[in-house]
Amino acid sequence: MSQIVAIVGRPNVGKSTLFNRLIGERKAIIDDISGVTRDRIYGFSDWNGKNFTVVDTGGFVKGSDDIFEAAIRRQVQIAIEEAAAIIFLVDVTTGITDLDEEIARMLRKNPKRVILAVNKVDNAQRQMLANEFWSLGFDDTIFISSISGGGTGDLLDVVADILPENVSEEANTQDDTIPKIAIVGQPNVGKSSLTNALMGEERNIVTDIPGTTRDSIYTLYNKFDKEFYLIDTAGIRKKAKVHEDLEFYSVIRAIKSIEEADVCLLMLDATVGLESQDLTILGLIQKRKKGLVILVNKWDLVQKETNTARDFEKNLKEKIAPFNDVPILFTSVHEKQRIFKTIELALEVNANRIQKIKTSVLNDVMLEIIERTPPPAHRGKYIKIKYVTQLPLYYPAFVFYCNYPDHVKPSYKNFLENQLRKHFNFAGVSISIFFREK
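Being a predicted model, the structure only gives us computed values, none of them experimental.

A separate point is unusual backbone geometry. Residue proline 322 follows alanine 321 across a cis peptide bond; omega there is 10°. As for its position among the elements, proline 322 is in the loop between helix H9 (308-320) and strand E14 (328-330). Despite not being glycine, lysine 120 shows a phi value in the positive range, around 70°. Classification of lysine 120 as partly exposed rests on a relative accessible area of 27%. The backbone of arginine 338 shows a phi angle near 60°, a positive value even though the residue is not glycine. Mapping arginine 338 onto the fold places it in the loop between E14 and helix H10 (339-354). For arginine 338, a relative accessible area of 39% translates into the label partly exposed.

Written out as structure tokens, the structure reads:
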């Protein structure tokens, strides 16, 4: 289970540079995601066996260097509320500013450990100047240079020390065999209404159960022969100290919900359509190999013609390509239209995600296809795929054994994925394909 590590600080101290260093130039890095409208807001990493999501709060600050913008203050507060670890970044070349003092006061009031990272310490003179920052009162104070990477290993050591050993192995009271479903999406798309409709229409809800993290709630739904956990999102319980309409908050909550879910219901507003933020959240779901169902809500507010739904779905799939093998459902939570179809689709996607295909069946189907359409040769070397098997992972992943695994072209890899999807039901699920030498 990944934890959130937030980088906070005033503008122009090097937050984005540090972010890129932490997620982009370490061999331990797993993956990263670029925002659609902003450059590199969050990425996935691990260090010393600890998985974590790094969030660059600076990527969300709108405006320039106005003295302590309200947005910065809110982002620091959100980091305090939501992050497992906080990196407070300052700049040795400017010394301690009033803005640094203000942020430090906010951070000192919270019980979480804060790592003070003094940036741009890249020579002996700056090393001396950096000692001034001990006066801010943080025990974990580290001198770094984001550009060169100096000190960032020490910084990551402290981050790893702060994070739990393995969140997924902490004591859980929920049944891991029961699917976990999260409703995610932008504010005001209907997440709260759908949650209330599922939980409140008939009072067969069993109990509220603490989940794997400090503030997550798993609500067990058990009726109509359906059983699943609904993961608490921003729509279920709003926090008083933050504003849900702030983009940073909606993203950081989405990250936490996606991490804990098996299947995500991504809600869109039919009157607005697919926006860049929706694509960002969809990318998170895909990269973390979670199941996906897209709900187009408020469909009752759309003026319709004969092919309105068909055209909307076609346009939507073009925008989310190449991962467009996704169930799309048009709903109106307000009018109670297709609410329970939502759950049926989510459970079907979960079944697709955990299905295991017999090796004999895989080879019977795929080797015949490969024989008819073999991989293209590479510089005179003929690539022969001899065997395929499914890996024992929590999502569909397949290994194709061949004589030249490094020479299989991406286009052929896409071809194999399309054939797997054609012959086996993987709707709503990301597929991973690997090539190895036999």
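A general feature of soluble globular proteins is that nonpolar side chains tend to end up buried together. Among the nonpolar cores identified, the biggest contains 56 residues, and Phe88, Leu107, Val118, Ile294 and Val296 are the most heavily contacted of them. Filtering out sequence-adjacent residues up to four positions away, valine 296 remains in contact with Leu268, Ala270, Phe312, Leu316, Ile328, Leu329, Phe330 and Thr331. Core analysis: the next-biggest nonpolar cluster, separate from the first, contains 24 residues, Ile7, Val54, Ile115 and Val158 among them.

Moving on to the pairing of strand E13 (residues 291-297). Within E13, seven of the seven residues are buried, which leaves it mostly tucked inside the rest of the structure. Neither face of E13 is open: one carries Gly291, Val293, Leu295 and Asn297, the other Leu292, Ile294 and Val296, and all of them are buried. Inspection of the sheet shows strand E12 (residues 263-269) paired to E13 by seven bridges, in the parallel sense. Paired with leucine 265 across the bridge in E13 is valine 293. Following the backbone out of E12, through helix H8 (residues 276-287) and into the adjacent parallel E13, one traces a crossover that is right-handed. Where E13 and E14 come together, three bridges link them in parallel fashion.

As for its placement among the helices and strands, glycine 9 is situated in the loop between strand E1 (3-8) and helix H1 (15-24). Overall, the relative accessible area of 6% leaves glycine 9 in the buried class. Separated by 78 residues in the primary sequence, glycine 9 and isoleucine 87 have C-alpha atoms spaced 8.4 Å apart.

The next thing to look at is the packing of helix H11 (residues 359-372) against helix H12 (residues 410-423). In a pair of packed helices, the angle between the axes and the distance between the axes together describe the arrangement. As a packed pair, H11 and H12 sit with axes 11 Å apart at the nearest point and diverge in direction by 135°. By the criterion of interaxial angle, the relationship of H11 to H12 is oblique. You can see that H11 and H12 cross each other, and the crossing is right-handed. For the pair H11 and H12, the contacting residues are Leu362, Val365, Met366, Ile369 and Ile370 in the first and Tyr412, Phe415, Leu416, Gln419, Leu420 and His423 in the second. Split by residue class, the contact of H11 with H12 holds nine nonpolar, two polar and no charged.

Bringing the packing of aromatic side chains into the picture now. Summed over the entire model, instances satisfying the criterion amount to ten aromatic pairs. Centre to centre, the rings of tyrosine 394 and tyrosine 395 are 4.9 Å apart; their planes meet at 75°, and the pair counts as edge-to-face. Residue classification places tyrosine 394 among the partly exposed residues on the basis of a relative accessible area of 48%. Given the relative accessible area of 11%, tyrosine 395 is considered buried. Geometrically, the ring pair formed by phenylalanine 400 and phenylalanine 435 is tilted, given 5.9 Å between the ring centres and 40° between the ring planes. Linking phenylalanine 400 in strand E16 (residues 397-402) with phenylalanine 435 in strand E17 (residues 432-437), this pair joins segments that are 35 residues apart in sequence.

Taken as a whole, the protein shows an average pLDDT of 81; of its residues, 80% reach a score of 70 or greater. Low pLDDT, under 50, characterises residues 167-174; the stretch is placed with 17 contacts to residues that sit more than four places away or in other chains. Across residues 234-245, where pLDDT falls below 50, the model places 30 contacts with residues more than four positions away in sequence or in other chains.

Across the sheet, which stays open at both edges, the three strands sit in the order E15-E16-E17 with mixed pairing between neighbours. At either end of the open sheet lies a strand with only one pairing partner, and these are strand E15 (385-390) and E17. The mean inter-strand angle of the sheet, taken between neighbouring strand axes irrespective of direction, is 25°. In terms of strand pairing, E15 meets E16 through five bridges, oriented antiparallel. Bridge pairing in E16 links tyrosine 387 to tyrosine 401. Where H12 meets the sheet, its contacts fall on E15, E16 and E17, and the angle it forms with E17 comes to roughly 120°.

Criteria and thresholds
- Along every chain, residues carry numbers that run from 1 in the direction the sequence is written.
- Per-residue local features of the predicted model are confined to residues with pLDDT of at least 70, and side-chain atom pairs are confined, for both listing and counting, to 80 or more; whole-chain, interface and lining totals are unaffected and use all residues.
- Excluded from the side-chain calculation are hydrogens and water; included are all heavy atoms of the structure.
- A helix here means a DSSP run of H or I that spans at least four residues, while a strand means a run of E at least two residues long, and both kinds are numbered starting from the N terminus.
- Three exposure classes are used, based on accessible area relative to the maximum for each residue type with a 1.4 Å probe and protein chains only: buried under 20%, partly exposed in between, and exposed over 50%.
- The set of buried Ala, Val, Leu, Ile, Met, Phe, Trp, Tyr and Cys residues whose side-chain atoms join them within 4.5 Å is what this entry labels a nonpolar core.
- Contact criterion: two residues are considered in contact whenever any of their non-hydrogen atoms come within 4.5 Å of each other.
- Here, strands pair whenever DSSP counts at least two bridges between them.
- Note on handedness: a crossover is taken as right-handed if, strands pointing away from the viewer, the path from the first strand over the helix to the second is clockwise.
- Whenever a helix is involved, its axis is fitted only over the stretch in contact; in every case the axis is a line through C-alpha atoms, and angles between N-to-C directions fall within 0 to 180 degrees.
- Note that the term roughly parallel is reserved for angles under 35 degrees, roughly antiparallel for angles over 145, roughly perpendicular for angles of 65 to 115, and oblique for everything else.
- Should the near helix be turned counterclockwise from the far one by less than a right angle, the crossing is left-handed, whereas a clockwise turn marks it as right-handed.
- Classification convention: Asp, Glu, Lys, Arg as charged; Ala, Val, Leu, Ile, Met, Phe, Trp, Tyr, Cys, Pro as nonpolar; all other residues, Gly among them, as polar.
- Here a pair means two rings of Phe, Tyr or Trp (six-membered ring of Trp) with centres within 6.5 Å. Their orientation is stacked below 30 degrees between planes, edge-to-face above 60, and tilted elsewhere.
- Values of pLDDT, which run from 0 to 100, indicate the predictor's confidence residue by residue.

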